[in-house]
Amino acid sequence: MAIECLVLGAGQEIGKSCAVVTINGKRIMFDCGMHMGYDDHRRYPDFSLISKSRDFDNAIDCIIITHFHLDHVGALPFFTEVCGYRGPIYMTYPTKALAPLMLEDYRKVMVERRGEEEQFTSDNISECMKKVIAVDLKQTVQVDKDLQIRAYYAGHVLGAAMVYAKVGDSAMVYTGDYNMTPDRHLGAAQIDRLQLDLLITESTYATTVRDSKYAREREFLKAVHQCVAAGGKVLIPTFALGRAQELCILLDDYWERMNLRVPIYFSAGLTIQANMYYKMLISWTSQKVKETYATHNAFDFKNVRNFDRSLIDAPGPCVLFATPGMISGGFSLEVFKRWAPSEMNLITLPGYCVAGTIGHKLMSGKPTKIVLDKDNQVDVRCQIHQLSFSPHTDAKGIMDLVKFLSPQHVILVHGEKPKMASLKKKIHSELGITCYDPANNESVYIPSTNYVKAGASDAFMQSCMNPNFKFLKRGSEEIPNASIQRCTKALSPLQVSDERVVEGILIMEKSKKAKVVHQDELLLKLGAKRHEVQFAYCCPVSVEKLEKTATTDLTPATNVSSVTDKCILIKKLFTKLSSEFSVGDFRNLGEYIRLESFQASICSKDSCPYRITNSFQNKSKAVFFCCTWSGPDEKLAWKIISTLENAI
Amino acid sequence: MKFTCLSKGGGSNFPPCYILDFGGFRVLFDCPIDFSALTIFSPVPTDFDDIINEETSDCAAHKSSDAETVAQKRRKLEKPLDVNDLICAEPWYKTVNNLHLWNVSFIDIVLISSPVGMLGLPFLTQIKGFSAKMYVTEAAARIGQLMMEDLVSMHMEYRQFYGLEESTAPEWMKWEELELLPSALRNIALGKDGAEIGGWMPLYSAAHVKDCMSKVQTLKYAEETCYNGTLIIKAISSGLEIGACNWIINSPKGNISYISGSIFFSGHAMDFNYHALQGCDLILYSDFSSLDSTEDIDQSSLSNESSNWEELSKSLSNCEESSKEMEKLDFICSCAIDSVKAGGSVLIPVNRVGVILQLLEQIVMFLESSSLKIPIYIVSSIAEELLAYTNVIPEWLCKQRLEKLFSGEPLFAHIDLIKEKKIHVFPAVHSPKLIINWQEPCIVFSPHWSLRLGPTVHLLRRWRGDHNSLLVLENEVDADLALLPFTPMSMKVLQCSFLSGIKPQKIEPLLKILQPKLVLFPEDLRSHVRFSNINSSSVSYYTENETIHLPRLKESSELEISSDLASQFRWRILKQKNMNITRLKGELLINHGKHQLLSGNDQADPSENKPLLHWGSPDPENLLAELSKMGINGFVERSMTDAGSEEAFTVHVQNPEKALIEVRTEGTIISAPDENLASRIFEAIENILEGI
Ligand SMILES: [Zn+2]
Ligand SMILES: [Zn+2]
């Protein structure tokens, strides 16, 4: 069987993330996002490609949403309430708690913007969320008998997860958005070393390599401080959750340290209520924030208050967080129109804005005018600060993750086409892993792993545990819970299993499970006795020649019956053979020499039945070595014999 | 595979303890402390200021005990227990005695199923050679650690009073002293057969707790962890407490689940998830709570021998016990209201975190509906942290609480109640804030339920003479003994048992749904549960300290063969036996509880396809025929020496060269002058033998 990955969104673009993967017969939808840059049908993934008959319940086994950003969850209410999908949906606890806030915020913006027809209602959102099953990190969820999923910490935003899915013997990871470096409020992504057929990773910063985040945070704080110190107003357009809380932790902390009194406002969409969620979900934040919750919960902001519309034109400096982000409409657009014309003011924008938004326009070049529609335009004289820190991993982080997981195949999504192409090349050339970057609505097919299942008998298992077999590696206790932070130690290859070469016999009987047994058990089962087939050859060796090879000076062996003499001869032979055959590991066992099944001992019989050769004429000067061996060592045995007979 | 019940415990504060030998590993389940035994000690005298007010100080006078008092004691032997009978010394703590009979360094794994189940862990981690991997859920570890820290801090009062203890065994543990103890106390100290004295341990220190916790591995809900590549271990909610769990151990040799005290519908913790335990080969049933159950089994529900899955799960989803539990909490609240109305105070030294959290919410509601302005105090060194913690672990809470998370409300009401100053939290009775705020009547939650430790001791002394005041006791203590140091008691005492496990009538439907091959069930519960018909399961009954040998769970181990290895198979058909066989060679990988056979690095050598194993018996005529097909001729000489075996013979090959074939029952020896002839003879023999 194969794995099929149908990319319905975020293929060579950012927006409406949605990948439908069929793996050993199970079909999983990873993310169900919407595209902020479009108003038409392109805003949602083309769900008809999943099922022509639109029978989504039978076409899909489950949906997994990685985090609450709209480009990952935005189309979910539409898919469940309008398209009618009723199967299971999984999210982490924070995502289940926070996604409805994002969706509601977005719905309001859509309705307010030119009275656009709603795609889904508030009821749709709450009905949709009722179907969601919340999961904890690392919780192993058995979706059905064959499908197992597990979430890993992804950083990025509160509750963001990378998702592991396993069906039968095939497994994959879909990363969603992730961050490989910790920031003020979230930790870095963390995942176990897993055996994967496929890794689907985001690639927002496919070619960017960033330095420390802290310096860039300071830049942001400096820009805001300078603006308010000069009496200006700072507009921070953000979505209700995520960036707002992250920047707010930064500012609240800075305000405390600098003893600033300038008000920090949250616009109506960004209710302080949202912080309530963050407080309860504090165990999903960074180590530092987590540790202090008992005394002071970091999301109890001291300097933040609610904004009132009348304050837009109030005199004096202030900082305002307003929704939606990227200035795609709503209140942030309203404030933008009023504040943009003054050079005293500052607008901060995230590192990435979706094409089509005002945020995107402001970032491309330095426009002095923004055309809203054919009747309206805004003069832009204010300063623009682009946040240079991002909750996405950079190119090095992506490479680190791919290297750490070493999957059989990689698919890149959630990035920009040219940059993805160069990352794809790099993954292939540096890591030797096949990599794809499909466009939207394209499918990628890769082979899947399958094992043949059999029962194994005790005797077989015992023989496997036999210490005679080589241990390549000592069994370590478990898959390391290695953090994949930028730490070379964590990336060092670590094989966590015992590896032993084992031999046995696989038996298939009609209407019985295949069984692996030890060969002795097979005979027992058949009621048969082993019949050993061996070869024997009594080989004459010239004493003179043997003497020559010996390094130690010895009296000629005229009487070979005494044990010590035998040993001396055997020793000589051993020295000789060891030097002639570099491949084998000859063992001198005193009375005889052995290599694999080949054995040679001195034959003191007068007429040995195996002395059938007539190639040696001068029998009086010969010592006879009786040799035996079995089938598999045939070639080797004859080689040794010819060495003994001729070369010596 | 072996199994021993080390202790059947006693109630939810002292869970049972087991050792299981499975697949070569030794697993210990839980490591609790028996706090009910603490009652043989006298509590510390009250604070120094209060001592002045007390007419008699229990211990201070007693401390200078000499020969005379010993003689007094002896005389009193047969009299009812007296406060002076209690041991006046720094207490030791009673652990599971039978555990000390094992060499703990042979324990590989410790699985903890609840916060109280880990209170004895620091005793183990102190022992040299103990190196077991200890698994605890994240939530249980956090709460358990707080409980240990609280224990250490409460115990400090004894240390301060009695001074540093001598390194040798304390005076009270000497046989002469133990002999003098009244039989009731002696039974607790020594156990019924007098052997349990070895279970007593001096308390660990804060450093020991820290060291222990650093060695514990915490797990998330249903997180899979792999021990030694072979065992996959997973914790699933039991519903008893926040973080309390049942365990699933999967291995190639079979699957085991451990069912501790479990609650189907909890008002705080995530419910007992029994679905996850389905399909296990063995169930280790360790819920003894039915033992305390006074209710009669509803015969009607039992007679209905249903095996219909839906009906079974319906009988499990009957939430009667949880509504009864709520009624119980309401009853406690109404008793508390009665007391405060009469001007008395209420002392609630309950240990169960969930009970405290729910009682807090309920009592505030009761107070409000009776328009009473009575302060609620929580006095405990760990209360602040514990309360804050309970509000940040939605992942371990019941559905109703989770709904609060999704609607953005605090998970428990105490967060707001503390802000509104309806609940006050103080670390200790002598904390300055408490002294400033203190008002009576009041309702106080404080440890410890044994009435020998913590703020409870002080408050009980203060209120014991007030007949309007109320003490709420867990019924896991012997009330007479526990209250002995506080006699005469005018205070009202309400002793209650809280739901701590599966009701007897649910045991059978549960096991029917889970369908294990084998159930290990407590002998003590045998009379409480009638297994009318658990389909295919068989039940083994266990008693304390008896080792049970168990049959293997699976006939054979599971092995996975990689498909590239499988594609190299050369099948050989054994027609008579209707069997296909092939030789198998690969690298064995033990990985995440699975045995996998992968194709090795060495390239498959065609010569390796030659049979290595032969069976059958060559017949001289057949052999000659086969040989002649290959142009080899000779004559047969029957062996004369080996008269017993008819099959023994020798073939003297004449053409193309002289060679010898010696055939015996157990094998054949080929002796030929050159390689070519030898291998042709070999081929001929192979043709008349079977081989692989
Ligand atoms: Zn995102
Ligand atoms: Zn995204």
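Residues numbered from 1 in each chain as written. Chains lettered and ligands numbered in written order. Predicted model: local features only at pLDDT ≥ 70, side-chain atom pairs only at ≥ 80, totals over all residues. Heavy atoms only, no water.

(A) Expanded view of the overall build of chain A. Of the regular secondary structure elements, chain A holds 19 helices and 30 strands. Of the accessible surface of chain A, which amounts to about 27200 Å², a share of 50% is contributed by carbon and sulfur atoms. (Helix = DSSP H or I, 4+ residues; strand = E, 2+ residues; numbered from the N terminus. Areas by Shrake-Rupley, 256 points an atom, 1.4 Å probe, with all protein chains shown as cover.)

(B) Main features of the coordination of the zinc ion (ligand 1). Taken together, the protein donors to the zinc ion (ligand 1) comprise His67 of chain A (NE2), His69 of chain A (ND1), His156 of chain A (NE2) and Asp177 of chain A (OD), at separations of 2.1 to 2.2 Å. Mapped onto the sequence, the residues coordinating the zinc ion (ligand 1) show the spacing H-x1-H-x86-H-x20-D. (Donors = N, O, S within 2.8 Å, 3.2 Å for Na, K, Ca; no water.)

(C) Highlighting helix H16 (residues 455-463) of chain B. All names here are of chain B. Burial within H16 is extensive, with 8 of its 9 residues counted as buried. All of the buried residues along H16 are Pro455, Thr456, Val457, His458, Leu459, Leu460, Arg461 and Trp463. Where H16 is buried, its residues contact helix H4 (138-162), strand E14 (346-348), strand E15 (376-379), strand E17 (443-445), strand E18 (470-474) and helix H17 (479-483). (Buried < 20%, exposed > 50% of the residue type's maximum accessible area, 1.4 Å probe, protein only. Contact = heavy atoms within 4.5 Å.)

(D) Spatial organisation of the coordination of the zinc ion (ligand 2). All names here are of chain A. Note on the zinc ion (ligand 2): its protein donors are Asp71 (OD), His72 (NE2), Asp177 (OD) and His414 (NE2). The metal-donor distances range over 2.1 to 2.3 Å. Here the zinc ion (ligand 2) is ringed by 4 donor atoms whose angles at the metal span 88 to 162°, and the overall shape comes out irregular. The sequence pattern describing where the donors of the zinc ion (ligand 2) fall on their chain is D-H-x104-D-x236-H. Separating the zinc ion (ligand 2) from the zinc ion (ligand 1) is a distance of 3.3 Å, and aspartate 177 supplies a donor atom to each of them. Pair noted here: aspartate 71 is in helix H2 (residues 70-73) and aspartate 177 is in the loop between strand E10 (170-174) and strand E11 (198-203), with a separation of 106 residues, a long-range link. Of the two residues examined, aspartate 71 and aspartate 177, each falls in the buried class. (Tetrahedral: all angles 85-135°; square planar, octahedral: opposite > 155°, others 65-115°.)

(E) Region of the structure containing the interface of chain A and chain B. Taken together, the contact between chain A and chain B spans 83 residues of the former and 95 residues of the latter. Three residues stand out in chain A for area buried against chain B, namely Tyr93, Met280 and His531 of chain A, and they jointly supply 10% of the buried area on that side. Between the two partners, chain A and chain B, sit 7 salt bridges. Ionic pairing is found between glutamate 223 of chain B and lysine 138 of chain A, a salt bridge with its closest N-O pair at 3.9 Å. Put simply, chain A and chain B have 24 residue pairs in polar contact (both at pLDDT 80 or more) between them. Among the elements that line the side of chain A that touches chain B, the one with the most residues is strand E24 (residues 499-509) of chain A, at 11 residues. Residue composition of the side of chain A that touches chain B, grouped by class: 42 nonpolar, 16 polar and 25 charged. Examined bridge by bridge, strand E23 (residues 451-456) of chain A and strand E23 (residues 557-562) of chain B share 6 bridges and lie antiparallel to one another. By the bridge assignment for E23 of chain B, glycine 455 of chain A is matched with glutamate 558 of chain B. (Buried area = accessible area lost by both parts, 1.4 Å probe. Salt bridge = Lys/Arg side-chain N within 4 Å of Asp/Glu carboxyl O. Polar contact = N/O pair within 3.5 Å; in protein donor to acceptor, adjacent residues only side chain to side chain. Nonpolar A, V, L, I, M, F, W, Y, C, P; charged D, E, K, R; others polar. Pairing = 2+ DSSP bridges.)

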